[in-house]
Amino acid sequence: MIRVVLADDHTLMREGLKHILQNAPDIEICAEATDGFETVQLVRKTPFDVLVMDLSMPGRCGMELIRQIKDEVPKLAILVLTMHEEDEYAARTIRAGAMGYMTKEGAGAQLVNAIRRVASGRPYISMEVAEQLAIEAEKLREEAAWVRRKLNLRADASSSDAPSSPPSLPSS
């Protein structure tokens, strides 16, 4: 059984998540938190396997909350479920220690799959976020290639301007 804590400041969101997850026989919601402070308290007091958390909650939130939780319970799997579709959020949360990242636009079956993956120690990012990260990585590769070409052109230009041997000093 995968024991899950839901951390989201919106009651309607938590209720919807519980409704989706109640049909998964291997997932049990063991607690809920409405802000970052409650989340930290639950992490310290309640044994569970996966934290499904929103990035934007009152109190401690976002990367700061993920880092604190990972410092206190390094093996806890964190799945970020957020409205933020931008790839920089995904990359930052994964670097902070989250095992998974998906947007609230995802389907219920996708959430169940994500929880199962991070509970088993495997990372999860939604297809939409993976596509955004791939596009961003390609842009960075193109920019890096452009910079290398510019640097090579400058290096070639300055080496052709340089004298072939050091200048001789006038004798006195």
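Above this note sits the structure.
A few points on the structure. Please read all numbers here as calculations on a predicted model, not as lab measurements.

Details of the overall build of the chain
In terms of helices and strands, the chain carries six helices and six strands. For the chain, the α and β elements follow one another from N to C terminus as β-α-β-α-β-α-β-α-β-α-β-α. Taken over C-alpha atoms, the radius of gyration comes to 24 Å for the chain, far larger than the 16 Å a tight globule of 172 residues would show. Overall, the chain is about 90 × 35 × 25 Å in size when its C-alpha atoms are taken along their principal axes. A total of 172 residues make up the chain; the buried ones form 35% of that total. Taking the contacts inside the chain whose residues are at least 6 apart along the sequence as the reference set, 60% of them involve residues at least 24 apart. As displayed, the chain has an accessible area near 10,300 Å², and 55% of this comes from carbon and sulfur atoms. In the chain, which carries 21 positive and 26 negative side-chain charges, the distance between the mean positions of the two groups comes to 5 Å.

A word on the nonpolar core
Grouped together as the largest cluster of nonpolar side chains are 24 residues, with contacts concentrated most on Leu51, Met53, Ile66, Ile69, Ile78 and Val80. At the level of elements, β1 (2–7), β2 (27–33), α2 (36–45), β3 (50–53), α3 (62–72), β4 (77–82) and α4 (87–96) are the ones that each hand at least two residues to this core. Looking at which element gives the most residues to this core, the answer is α3, with four residues. Non-local contacts of Val80, meaning those with residues more than four positions away in its chain, are made with Met53, Leu55, Ile66, Thr93, Ala98, Gly100, Tyr101 and Met102. Grouped together as the second largest cluster of nonpolar side chains are 19 residues, Ile2, Leu6, Val52 and Leu81 included.

Notes on the side chain of Asp35
With respect to the secondary-structure elements, Asp35 resides in the loop between β2 and α2. No salt bridge is formed by the buried Asp35. Its closest oppositely charged neighbour is Arg14, at 9.4 Å. From its side chain, Asp35 meets the backbone nitrogen of Phe37 in a polar contact 3.0 Å long. Among the polar contacts listed, one links the side chain of Asp35 to the backbone nitrogen of Glu38, at a separation of 2.7 Å. Excluding its chain neighbours within four sequence positions, the residues that come into contact with Asp35 are Met57 and Pro58.

Description of the pattern of salt bridges
Throughout the structure, instances matching the rule amount to ten salt bridges. Across the pair Lys18 and Glu32 runs a salt bridge, and its minimum N-O distance is 2.7 Å. On the criterion of sequence distance, the pair formed by Lys18 in helix α1 (residues 11–21) and Glu32 in strand β2 is long-range, its members being 14 residues apart. Overall, Lys18 belongs to the partly exposed group, its relative accessible area being 25%.

Describing α2
Here α2 has its buried residues at Gly36, Thr39, Val40, Leu42 and Val43. Looking down the long axis of α2, one finds its buried residues gathered within 160° of arc, a one-sided arrangement. Residues Phe37, Arg44 and Lys45 are exposed on α2 and point more than 90 degrees away from its buried face. As for α2, its buried residues are in contact with β1, β2, β3 and α3.

Here's the deal with α4
Among all positions of α4, only Asp87, Ala90, Thr93 and Ala96 are buried. Phi turns positive, to about 130°, at Gly97, one or two residues after α4.

Examining the pairing of β1
Most of β1 is tucked away: five of the six residues are buried. Where β1 meets β2, six bridges bridge the pair, whose relative direction is parallel. Paired with Val4 across the strands is Ile29, a residue of β2. Of the strand pairs in this sheet, β1 and β3 are connected by four bridges, and their pairing is parallel. Along β3, the bridge assignment pairs Leu6 with Val52.

Procedures and definitions
Residues numbered from 1 in each chain as written. Predicted model: local features only at pLDDT ≥ 70, side-chain atom pairs only at ≥ 80, totals over all residues. Heavy atoms only, no water. Helix = DSSP H or I, 4+ residues; strand = E, 2+ residues; numbered from the N terminus. Rg over C-alpha atoms; globule rule 2.2 N^0.38 Å. Buried < 20%, exposed > 50% of the residue type's maximum accessible area, 1.4 Å probe, protein only. Contact = heavy atoms within 4.5 Å. Areas by Shrake-Rupley, 256 points an atom, 1.4 Å probe, with all protein chains shown as cover. Lys, Arg positive; Asp, Glu negative; His and termini not counted. Charge placed at Lys NZ, Arg CZ, Asp CG, Glu CD. Core = buried A, V, L, I, M, F, W, Y, C linked by side-chain atoms within 4.5 Å. Salt bridge = Lys/Arg side-chain N within 4 Å of Asp/Glu carboxyl O. Polar contact = N/O pair within 3.5 Å; in protein donor to acceptor, adjacent residues only side chain to side chain. Arc of directions from axis to C-beta. Pairing = 2+ DSSP bridges.

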